[in-house]
Amino acid sequence: MPSPIYPQPDKVLEHPHIRTFHARQGRMSARREFALNELLPKFEISRSDSPLDLAEDLDLSTVIVDFGSGMGLHTLELATRNPEVGVLAIDVHTVGLLAIVETATEQSLTNIRTHHGDGIDVFIDWLKPSTIDEVHILFPDPWPKARQHKRRLINQQFLTLVFALLKPDGRIIFATDNDEYFESATAVFSEFKRFDVRFDDWDVPMTTYHLRALSLSHNISQLSARKI
Ligand SMILES: C[S@@+](CC[C@H](N)C(=O)[O-])C[C@H]1O[C@@H](n2cnc3c(N)ncnc32)[C@H](O)[C@@H]1O
């Protein structure tokens with residue numbers, strides 16, 4: 001019998017807004033199938049009529065969102081190094097989230113939550129405004145062709161959503177190895193006007209794409225944008 005295919009979350013299949021991610025499929029091992037059915041549901045946040053205050057829910061004072069958590073290295077390292085910080089990992093793709101919940105379960109990490117689906121939905125109305133300390137957007141899909149630019153995550157609507165969720169003084173950090181995307185994202189931030197943008201050298205755990213960019217000797221650009 002063929003092994004099951006990694007599901008696309010239901011919420012993604014009939015999605016009302018532009019997709020900022022690529023569709024992917026692959027076969028799943030029995031172990032991963034267990035993680036999908038038995039472990040992931042224990043970490044997933046859900047939408048309710050009263051928007052979620054994740055800090056309160058986790059009984060922690062600081063919450064970071066890893067938006068587009070990919071293979072999960074960054075989420076896992078952040079959560080392990082900082083047990084006092086809650087980390088919400090968001091991705092539509094299944095494999096990395098399963099790696100996160102498997103490791104979190106093995107290591108009894110209690111400060112991780114996940115969303116398997118489009119994070120824009122979560123940012124629209126799942127979370128309580130002014131409750132998030134940081135949103136990490138690390139090596140988002142660059143959508144390099146001009147006709148694909150509308151799929152880029154960093155745009156005015158997205159910044160409006162993030163701005164509402166961040167605590168006063170909260171920040172976004174953004175990194176990419178696509179120079180043109182960095183330039184256009186910088187322009188979007190500056191047009192938004194309500195972030196203090198710095199091209200500083202913040203240091204956070206690396207992601208898979210960060211390691212790949214280093215191995216290919218790509219130029220890596222990063223900024224932090226603090227809510228004014
Ligand atoms: C290029 S990968 C980078 C992953 C990781 N941050 C890294 O640096 O290795 C971008 C990730 O963002 C995810 N993504 C893009 N748009 C998303 C959205 N609207 N909601 C959830 N995940 C999204 C993609 O599925 C993909 O896994």
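Bear in mind the structure is a predicted one, so any value in this text is a computation, not a measurement. (Residues numbered from 1 in each chain as written. Predicted model: local features only at pLDDT ≥ 70, side-chain atom pairs only at ≥ 80, totals over all residues. Heavy atoms only, no water.)

Take the pairing of strand E3 (residues 112–116) next. Each regular strand shows side chains that alternate between the opposite faces of the sheet. Where burial is concerned, most of E3 is hidden: five out of the five residues are buried. Taking every second residue as pointing to the same face, both faces of E3 are buried, with Ile112, Thr114 and His116 on one and Arg113 and His115 on the other. Pairing analysis gives five bridges linking strand E2 (residues 85–91) to E3, with the strands arranged parallel. Counted as the bridge partner of Ile90 is His115 from E3. Taken together, E2, helix H5 (residues 94–106) and E3 constitute a β-α-β crossover, and its handedness is right-handed. (Buried < 20%, exposed > 50% of the residue type's maximum accessible area, 1.4 Å probe, protein only. Helix = DSSP H or I, 4+ residues; strand = E, 2+ residues; numbered from the N terminus. Pairing = 2+ DSSP bridges. Right-handed = clockwise from strand over helix to strand, strands pointing away.)

Turning next to the pattern of salt bridges. Per the stated rule, a full pass over the model turns up nine salt bridges. Among the salt bridges present, the one from Arg47 reaches Asp125, with a minimum N-O distance of 2.6 Å. Here the residue Arg47 occupies a position in the loop between helix H2 (30–43) and helix H3 (54–58), and Asp125 occupies one in helix H6 (residues 119–125), the gap between them amounting to 78 residues. Under the relative-accessibility criterion, Arg47 is labelled partly exposed at 47%. On the basis of relative accessible area, Asp125 is assigned to the partly exposed category, the value being 29%. (Salt bridge = Lys/Arg side-chain N within 4 Å of Asp/Glu carboxyl O.)

Around the ligand sit 19 residues, and of these Thr20, Gly68, Asp91, Leu138 and Thr207 come closest. Asp118 places a side-chain nitrogen or oxygen 2.9 Å from a nitrogen atom of the ligand. At 3.3 Å, a backbone N or O of Thr208 approaches an oxygen atom of the ligand. Secondary structure elements with two or more residues in the shell around the ligand: E2 and helix H9 (208–215). A per-class count over the shell around the ligand returns seven nonpolar, eight polar and four charged. (Near = heavy atom within 4 Å. Polar contact = N/O pair within 3.5 Å; in protein donor to acceptor, adjacent residues only side chain to side chain. Nonpolar A, V, L, I, M, F, W, Y, C, P; charged D, E, K, R; others polar.)

This part covers the packing of aromatic side chains. Throughout the structure, instances matching the rule amount to 10 aromatic pairs. Their ring planes at 80° and their centres at 5.2 Å tell us that Phe67 and Phe158 sit as a pair that is edge-to-face. Taken together, the residues span a long stretch of sequence, with Phe67 in strand E1 (residues 62–67) and Phe158 in helix H7 (residues 156–165) at a distance of 91 residues. Exposure remark for Phe67: the relative accessible area of 9% places this residue in the buried category. Seen from their ring centres, Phe163 and Phe195 are 5.6 Å apart, and the 85° between their planes marks the pair as edge-to-face. (Phe/Tyr/Trp six-rings, centres within 6.5 Å; stacked < 30°, edge-to-face > 60°.)

Tracing the backbone through its elements, the reader meets His136 in strand E4 (residues 132–138). For His136, a relative accessible area of 0% gives the class buried. For the pair formed by His136 and Asp179, sequence separation is 43 residues and the distance between their alpha carbons is 18 Å. Sequence-distant contacts of His136, defined by excluding residues within four places in its chain, comprise Ile64, Val65, Asp66, Phe67, His74, Leu78, Ile173 and Val204. A distance of 2.6 Å separates polar atoms of two side chains, one belonging to His136 and the other to Glu134. (Contact = heavy atoms within 4.5 Å.)

Taken together, the side chains of Leu73, Met206, Leu211 and Leu214 make up a nonpolar region of the molecular surface, amounting to roughly 330 Å² of accessible area. Residue placement: Met206 occurs in the loop between strand E6 (195–198) and H9. Judged by its relative accessible area of 36%, Met206 is partly exposed. (Patch = residues over 30% accessible without salt bridge, like charges linked within 9 Å, V, L, I, M, F, W, Y side chains within 5 Å. Areas by Shrake-Rupley, 256 points an atom, 1.4 Å probe, with all protein chains shown as cover.)

Attention now goes to the packing of H2 against H5. Contact pair H2 / H5: the axes reach a minimum separation of 9 Å and the direction vectors enclose 75°. Here H5 runs roughly perpendicular to H2, going by the angle between their axes. Of the residues in H5, those touching H2 at Arg31, Arg32, Ala35, Leu36, Leu39, Leu40 and Phe43 are Thr94, Val95, Leu97, Leu98, Ala99, Val101, Glu102, Ala104, Thr105 and Glu106. Among the residues making up the contact of H2 with H5, the classes are represented as 11 nonpolar, two polar and four charged. (Axes fitted to C-alpha atoms, helices over the stretch in contact; angles between N-to-C directions. Parallel < 35°, antiparallel > 145°, perpendicular 65-115°, else oblique.)

A few words on the nonpolar core. Ranked by size, the top nonpolar core spans 38 residues in total, and within it Phe67, Phe123 and Leu127 carry the most contacts. Per-element accounting of this core gives the leading share, six residues, to helix H8 (residues 179–192). (Core = buried A, V, L, I, M, F, W, Y, C linked by side-chain atoms within 4.5 Å.)

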